[in-house]
Amino acid sequence: MGKKVLVTGADGFIGSHLTDLLLSKGYQVRALCQYNSFNYWGWLDNRRDDGLEIISGDVRDASFCRQAAQGVDTIYHLAALIAIPYSYIAPDSYIDTNIKGTLNICQAARDNGVERLIVTSTSEVYGTAMYVPIDEKHPRQPQSPYSATKIGADAVAQSFYNAFDLPVVIARPFNTYGPRQSARAIIPTIISQIAAGERVIKVGDLTPTRDFNFVADTAAAFLALASAEAGKVVGRDINIATGTEVSMAQTLQTIARLMGANVEWVTDPQRIRPGKSEVFRLCGDNSLITTLTDWRPQYTLEQGLAKTIEWFIDPANSSKYKHDIYNR
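Novice: Could you give an account of the layout of surface pockets, naming the residues involved and the relevant values?
Specialist: Of the volumes computed, that of the second largest pocket is approximately 220 Å³. If you go around the second largest pocket, the residues you meet are Y40, G42, W43, D45, N46, R47, R180, W311, N317 and K320. Residue composition of the lining of the second largest pocket, by class: three nonpolar, three polar and four charged.

Novice: Pulling in residues and values, what's your account of unusual backbone geometry?
Specialist: Of note, the bond from V132 into P133 is cis; its omega dihedral lies within 30 degrees of zero at -5 degrees. Counting through the fold element by element, P133 comes out in the loop between β5 (116-120) and α5 (145-164). Even without being a glycine, N39 presents a positive backbone phi close to 55 degrees. Within the secondary structure, N39 sits in the loop between β2 (28-34) and β3 (52-57). One non-glycine residue, R180, lies in the positive phi region at around 85 degrees. Considering the arrangement of structural elements, one finds R180 in the loop between β7 (175-177) and α6 (186-195). On the basis of relative accessibility, which here comes to 17%, the residue R180 falls in the buried class.

Novice: Could you give an account of the nonpolar core, with specific residues and numbers?
Specialist: Counting residues in hydrophobic clusters, the biggest one holds 62 residues, and the most contacted among them are V7, L22, V29, Y76, L225 and I255. Ranked by residue count, the leading element in this core is helix α7 (residues 215-227), at eight residues. In this structure Y76 touches V5, L6, V7, T8, L18, L22, I118, F222, L223 and A226, once residues within four positions along its chain are discounted. Counting 24 residues, the second largest nonpolar core, distinct from the first, contains C106, L117, V156 and A157.

Novice: Provide a residue-level description of the sheet that holds strand β1 (residues 4-8), including the pertinent values.
Specialist: The pairing of strands in a sheet comes from backbone hydrogen bonds and takes either a parallel or an antiparallel form. Here seven strands make up an open sheet; going across it, the order is β3-β2-β1-β4-β5-β6-β11 and the pairing parallel. Only two strands of the sheet have a single neighbouring strand rather than two, namely β3 and β11 (237-240). When strand polarity is set aside, the average angle formed by the axes of neighbouring strands in this sheet is 20 degrees. Taken together, the five bridges between β1 and β2 define a ladder with parallel strand orientation. Paired with L6 across the strands is R30, a residue of β2. Against the sheet, α5 touches β5 and β6 (168-173), its axis set at about 155 degrees to β6. Against the sheet, α7 contacts β4 (74-77), β5, β6 and β11, and its axis sits at roughly 150 degrees relative to β5.

Novice: Talk me through empty space enclosed by the protein; I want residue IDs and the actual numbers.
Specialist: Rolling a probe over the atoms, with the probe sized like a water molecule, indicates the empty space that remains. One pass over the structure, following the stated rule, counts two cavities of 30 Å³ or more. In this structure, the largest cavity encloses a volume near 40 Å³. Taken together, H77, L78, A79, A80, N98, T102, T120, K150 and A153 make up the lining of the largest cavity. Counting only elements with at least two residues in the lining of the largest cavity, the list comes to α4 (91-111) and α5. For the lining of the largest cavity, the class distribution of residues is four nonpolar, four polar and one charged.

Novice: I'd like a description of the packing of aromatic side chains, backed by residues and values.
Specialist: Enumeration over the complete set of coordinates arrives at ten aromatic pairs. Ring centres 5.9 Å apart and planes at 85 degrees place the aromatic pair Y177 and F212 in the edge-to-face group. Within this pair, whereas Y177 is found in strand β7, its partner F212 is found in strand β10 (residues 212-214), the two being separated by 35 residues in sequence. Between F214 and Y299, the aromatic rings sit 4.6 Å apart at their centres with planes inclined by 55 degrees, giving tilted as the arrangement.

Novice: Before we move on, can you summarise the packing of helix α1 (residues 13-24) against α7 with the specific residues and values?
Specialist: Running from N to C, α1 and α7 cross one another at 65 degrees; their axes reach a closest spacing of 9 Å. α7 is crossed by α1, and the crossing has right-handed handedness. In this structure, α1 contributes F13, I14, H17, L18, L21 and L22 to the contact, and α7 contributes V215, T218, A219, A220, F222 and L223.

Novice: Give a detailed account of the pattern of salt bridges, specifying residues and quantitative values.
Specialist: Here the structure, examined in full by the defined rule, presents 17 salt bridges. Between D237 and R172 there is a salt bridge; the shortest N-O distance is 2.9 Å. With D237 in strand β11 and R172 in strand β6, this pair connects stretches of sequence that are 65 residues apart. D237 sits in the buried class, given a relative accessible area of 18%. E278 is the salt-bridge partner of R210, the closest N and O atoms lying 3.2 Å from each other. With a gap of 68 residues between them, R210 in strand β9 (residues 209-210) and E278 in the loop between β13 (264-267) and α10 (287-292) connect regions that are remote in the sequence. In this structure, R210 and E278 share a single accessibility class: buried. Several salt bridges share partner residues, and in doing so they unite D20, R47, D49 and R180 into one network.

Parameters at a glance
Residues numbered from 1 in each chain as written. Predicted model: local features only at pLDDT ≥ 70, side-chain atom pairs only at ≥ 80, totals over all residues. Heavy atoms only, no water. 1 Å grid on protein atoms, 1.4 Å probe; cavity = no way out; pocket = protein on both sides within 12 Å on 5 of 7 lines; lining within 4 Å. Points joined across faces, edges and corners; volume = space filled by probe spheres on them. Nonpolar A, V, L, I, M, F, W, Y, C, P; charged D, E, K, R; others polar. Helix = DSSP H or I, 4+ residues; strand = E, 2+ residues; numbered from the N terminus. Buried < 20%, exposed > 50% of the residue type's maximum accessible area, 1.4 Å probe, protein only. Core = buried A, V, L, I, M, F, W, Y, C linked by side-chain atoms within 4.5 Å. Contact = heavy atoms within 4.5 Å. Pairing = 2+ DSSP bridges. Axes fitted to C-alpha atoms, helices over the stretch in contact; angles between N-to-C directions. Phe/Tyr/Trp six-rings, centres within 6.5 Å; stacked < 30°, edge-to-face > 60°. Left-handed = near helix turned anticlockwise from the far one by under 90°. Salt bridge = Lys/Arg side-chain N within 4 Å of Asp/Glu carboxyl O.

Distances and angles like these do not, on their own, reveal function.
Next comes the structure, spelled out in structure tokens:
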């Protein structure tokens, strides 16, 4: 309570929800939004809270990161390029942002004596499950340029712990969904199409399975890892997962039922990943985080989907999405 924290990527999906949670708990939040000439702060654009300091910049700039980290106790590093399809098109930009950006934040945390650094990983680093549930010892498989850069970023963070005793925790969320998520992701793209009145829904491959985390649970897990006793979590990579898996087809059927929609699905070729790049099965082992912290998932998939649908069908929110355009 009262501590000052830095959240990189605070203007994004998970980052904005984490910022909301931290402010509600009484933290002083310095929120880093990516610089743009429109002075646009993403999902924080209308926030004017006491305790919220919004700064604009870029994690690719080492000098800026060093300044941003001054005077903070904890850094939550979420800034990244995350769209897998776009990583096929512009992999160089993913290396710059995800690997070099993480290096800059690690160095800034070290230079400023930050008490804890939470680095955001992804379940995509595991690739298609060799066994389930996937624990933290599962081999890494770079099946996309995006996942390769996140594996690299994790390695950079771990090296700073090993070489410099940087108090870093690698938080590894499985598939997070909820209000504010990009319509590029499977759950929002289905909801937004149905909400717009479409009855023929464009989708990709519906056979893969995912372990879905509602965004409020993911944000709570970040806070739990930052608050846990250092000796338990520092220097470790830790899954954030529910321990359950559901296919894309089952998920979409649930969404249609909750929205009372009679729809049919068609495969959109541009939404299909290259064969060796598709991750066909993800189901996470959450025993480590539930042993080391008091975190437990609070939302079932159906409860989380209901809240997500409620948010997306609000015209004030749906107007921000172009449901008929696939955003890589």
